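# Fold and contact review
Here's the letter readout for the chains.
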Amino acid sequence: MIFLDRSGLRRLIKNYLDDVAPGLHIVLELRCKIIGGRDLVSLLIDDPGKLLKALKTMYNDESSVEFVVRLILKPLVQELELLGKEEQLVKQLLENPEKFKEEISRLLEQRR
């Protein structure tokens, strides 16, 4: 179990993505900086709407966006032992980014 400040979360997501989809992390980071002006984790926590916008500029269909969202959230869900909340978090991020922002902030705060 690692301390999940932003740096820890960056490492967690990067390591997971590098294992399951080599190269995806680099592409996501670049797209997030181009579209959202910030790194992947910063957008995930502070502006998930911009993260979605960045993903939608990369992928032409909702199922691909959902797949990548699941990849991004998977290591966080596993680390925080939230396996029963994975679907809810994915749905919130896709359908209500502001609600997701509140929920993810609350979950990370509990971890500190």
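For clarity, every value in this text was computed on a predicted model and none was experimentally measured. (Residues numbered from 1 in each chain as written. Predicted model: local features only at pLDDT ≥ 70, side-chain atom pairs only at ≥ 80, totals over all residues. Heavy atoms only, no water.)

We now examine the overall build of the protein. Within the protein, the regular secondary structure consists of 7 helices and 0 strands. In the protein, the succession of helices and strands from N to C terminus is α-α-α-α-α-α-α. Its C-alpha radius of gyration of 13 Å places the protein within 12% of the 13 Å reference for a compact globule of 112 residues. Along the three orthogonal principal directions, the C-alpha set of the protein runs to about 35 × 25 × 25 Å. Taken over 112 residues, the protein has a buried fraction of 44%. Per element, the accessible surface of the protein, about 6,100 Å² overall, is 51% carbon and sulfur. When the 19 basic and 19 acidic side-chain charges of the protein are each reduced to a single mean position, those positions are 3 Å apart. (Helix = DSSP H or I, 4+ residues; strand = E, 2+ residues; numbered from the N terminus. Rg over C-alpha atoms; globule rule 2.2 N^0.38 Å. Buried < 20%, exposed > 50% of the residue type's maximum accessible area, 1.4 Å probe, protein only. Areas by Shrake-Rupley, 256 points an atom, 1.4 Å probe, with all protein chains shown as cover. Lys, Arg positive; Asp, Glu negative; His and termini not counted. Charge placed at Lys NZ, Arg CZ, Asp CG, Glu CD.)

Together, Ile26, Leu30 and Ile34 give the surface a local cluster of nonpolar side chains, amounting to about 340 Å² of exposed area. With respect to the element layout, isoleucine 34 can be found in helix H2 (residues 24-36). Exposure remark for isoleucine 34: the relative accessible area of 62% places this residue in the exposed category. (Patch = residues over 30% accessible without salt bridge, like charges linked within 9 Å, V, L, I, M, F, W, Y side chains within 5 Å. Salt bridge = Lys/Arg side-chain N within 4 Å of Asp/Glu carboxyl O.)

This part takes up the pattern of salt bridges. For the structure shown, the criterion picks out 10 salt bridges. In this structure, the salt-bridge partner of aspartate 46 is arginine 6, at a minimum N-O distance of 2.8 Å. Of this pair, aspartate 46 sits in helix H3 (residues 40-46) while arginine 6 sits in helix H1 (residues 6-20), placing them 40 residues apart in sequence. By relative accessible area, aspartate 46 is classed as partly exposed at 22%. By relative accessible area, which is 28% here, arginine 6 ends up partly exposed. Among the ionic pairs, lysine 50 bridges to aspartate 47, the shortest N-O distance being 3.9 Å. The partly exposed category is assigned to lysine 50, whose relative accessible area is 37%. Accessibility expressed as a relative area gives 23% for aspartate 47, which makes it partly exposed.

What follows is about the nonpolar core. Residues Leu9 and Leu73 are the most contacted members of the largest nonpolar core, which totals 35 residues. Here this core gets 8 residues from one element, more than from any other, and that element is helix H5 (residues 62-79). If we ignore the near neighbours within four places in the chain, the residues touching leucine 9 are Leu4, Val41, Ile45, Leu76 and Leu108. (Core = buried A, V, L, I, M, F, W, Y, C linked by side-chain atoms within 4.5 Å. Contact = heavy atoms within 4.5 Å.)

Here we take up helix H6 (residues 86-95). One turn of an α-helix holds 3.6 residues; hence residues three or four places apart share an orientation. Along H6, the positions that sit buried rather than exposed are Glu86, Leu89, Val90, Gln92 and Leu93. Looking straight down H6, one finds its buried side chains confined to an arc of 165°; they lie on one side. (Arc of directions from axis to C-beta.)

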